[in-house]
Amino acid sequence: MTTYYSEFQKVLLSVDCIIFGFDNNKLKILIGKRNMDPGRGEWSLYGGFVRSDESLDEAAHRTLRELTGLRNVFMRQVGAFGNLDRDPGERVVSVAYYALINVKDYSERQRKQHDVEWVNIEDIPQMYSDHNNMVVKARKLMKQKIKTDPVGFQLLPELFTLTQLQRLYEAVNGEALDKRNFRKRIKDMDFIEKTDLIDKKTSKRGASLYRFNKKAFTEDKTFKL
């Protein structure tokens with residue numbers, strides 16, 4: 001260990017994960033109660049400190065994997081949060097990331113083990129420190145991303161109805177979409193394929209099931225909703 005920079009104060013570095021899911025036509029995030037001081041018992045995002053032998057991205061993926069057991073999850077950096085008073089314990093700078101997962105891929109056993117809950121985005125309680133601000137910024141970035149990149153399919157099952165797809169975009173954007181215009185745009189996208197399968201669980205009359213063809217999108221690369 002060198003003695004470089006010894007004249008400067010050391011600052012702790014952490015990552016916090018905003019994990020989005022989609023269930024029952026609602027956009028949700030995964031939160032829990034802090035089990036450490038300061039802020040023990042307060043609602044909080046799931047996070048951890050960056051280790052000396054890992055990068056920021058590696059720390060974020062490790063933290064997400066510890067919580068969900070999932071790998072190869074879509075994740076993007078939100079930004080750094082470093083107000084002087086953000087942590088009453090020590091000087092801590094946190095870099096937030098948002099991730100998109102299919103709620104059904106996250107086992108109930110894992111959820112209960114970590115004592116976390118899926119909460120509707122519109123019903124988020126006041127959380128520890130600046131975690132609410134992290135969620136607001138993450139949702140704003142996701143709104144922008146989902147319009148020009150098919151990342152929204154990360155939140156859906158492999159097979160989905162057009163109604164489910166529309167409800168997803170409405171939940172993310174926080175506003176209703178015109179059904180006719182939405183479906184017209186979908187039909188112009190060859191990489192959203194209609195299958196021969198019918199959904200009879202969520203639709204009384206039965207609705208056609210669709211899938212996202214990643215290979216076709218890679219060849220097309222035109223996406224705008």
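Keep in mind the model is a prediction, meaning the values are calculated, not measured. (Residues numbered from 1 in each chain as written. Predicted model: local features only at pLDDT ≥ 70, side-chain atom pairs only at ≥ 80, totals over all residues. Heavy atoms only, no water.)

**Student:** Please give an account of the overall build of the protein that cites residues and values.
**Tutor:** Secondary structure summary: the protein contains six helices and nine strands in total. With the C-alpha coordinates aligned to their principal axes, the bounding extent of the protein is approximately 65 × 35 × 30 Å. Expressed as a percentage of the 225 residues in the protein, the buried residues total 43%. Total accessible area on the protein is roughly 13800 Å²; 46% of this is exposed by carbon and sulfur atoms. (Helix = DSSP H or I, 4+ residues; strand = E, 2+ residues; numbered from the N terminus. Buried < 20%, exposed > 50% of the residue type's maximum accessible area, 1.4 Å probe, protein only. Areas by Shrake-Rupley, 256 points an atom, 1.4 Å probe, with all protein chains shown as cover.)

**Student:** Account for the nonpolar core, naming residues and giving values.
**Tutor:** In terms of nonpolar packing, the biggest core is built from 39 residues, with I18, F20, Y98, L165 and I192 touching the most fellow members. Those elements that place two or more of their residues in this core are β1 (12-23), β2 (26-33), β5 (74-81), β6 (92-100), α3 (131-148), α4 (162-173) and α5 (179-187). Residue contributions to this core peak at six residues, all from α4. Of all hydrophobic cores here, the second largest spans 19 residues; its members include L70, V73, A99 and I101. (Core = buried A, V, L, I, M, F, W, Y, C linked by side-chain atoms within 4.5 Å.)

**Student:** I'd like a description of the layout of surface pockets, backed by residues and values.
**Tutor:** In this structure, the second largest pocket occupies an estimated 560 Å³ of space. Looking at the lining of the second largest pocket, the elements with two or more residues in it are β1, β2 and β4 (46-49). Looking at the lining of the second largest pocket residue by residue, the classes come out as 12 nonpolar, nine polar and eight charged. (1 Å grid on protein atoms, 1.4 Å probe; cavity = no way out; pocket = protein on both sides within 12 Å on 5 of 7 lines; lining within 4 Å. Points joined across faces, edges and corners; volume = space filled by probe spheres on them. Nonpolar A, V, L, I, M, F, W, Y, C, P; charged D, E, K, R; others polar.)

**Student:** Would you mind going over the environment of T163 in detail, with residue names and values included?
**Tutor:** Looking at the element boundaries, T163 is found in helix α4. Each C-alpha atom of the pair T163 and I18 lies 26 Å from the other, and the pair is 145 residues apart in sequence. A polar contact is formed between the side chain of T163 and the side chain of R183, at a distance of 3.0 Å. (Polar contact = N/O pair within 3.5 Å; in protein donor to acceptor, adjacent residues only side chain to side chain.)

**Student:** Run through the pattern of salt bridges, naming residues and quoting values.
**Tutor:** Evaluated as defined, the whole model comprises 10 salt bridges. With a closest N to O distance of 3.1 Å, R62 and E66 form a salt bridge. Here R62 and its partner E66 are both found in helix α1 (residues 56-68), four residues apart, which amounts to about one turn of the helix. Overall, E66 belongs to the partly exposed group, its relative accessible area being 35%. A salt bridge links R167 to E170; its shortest N-O distance comes to 3.1 Å. Remark: E170 and R167 occur in helix α4; sequence separation between them is three residues, near one turn of the helix. Accessibility expressed as a relative area gives 15% for E170, which makes it buried. A network of salt bridges, in which partner residues are shared, links R51, E54, R62 and E66. (Salt bridge = Lys/Arg side-chain N within 4 Å of Asp/Glu carboxyl O.)

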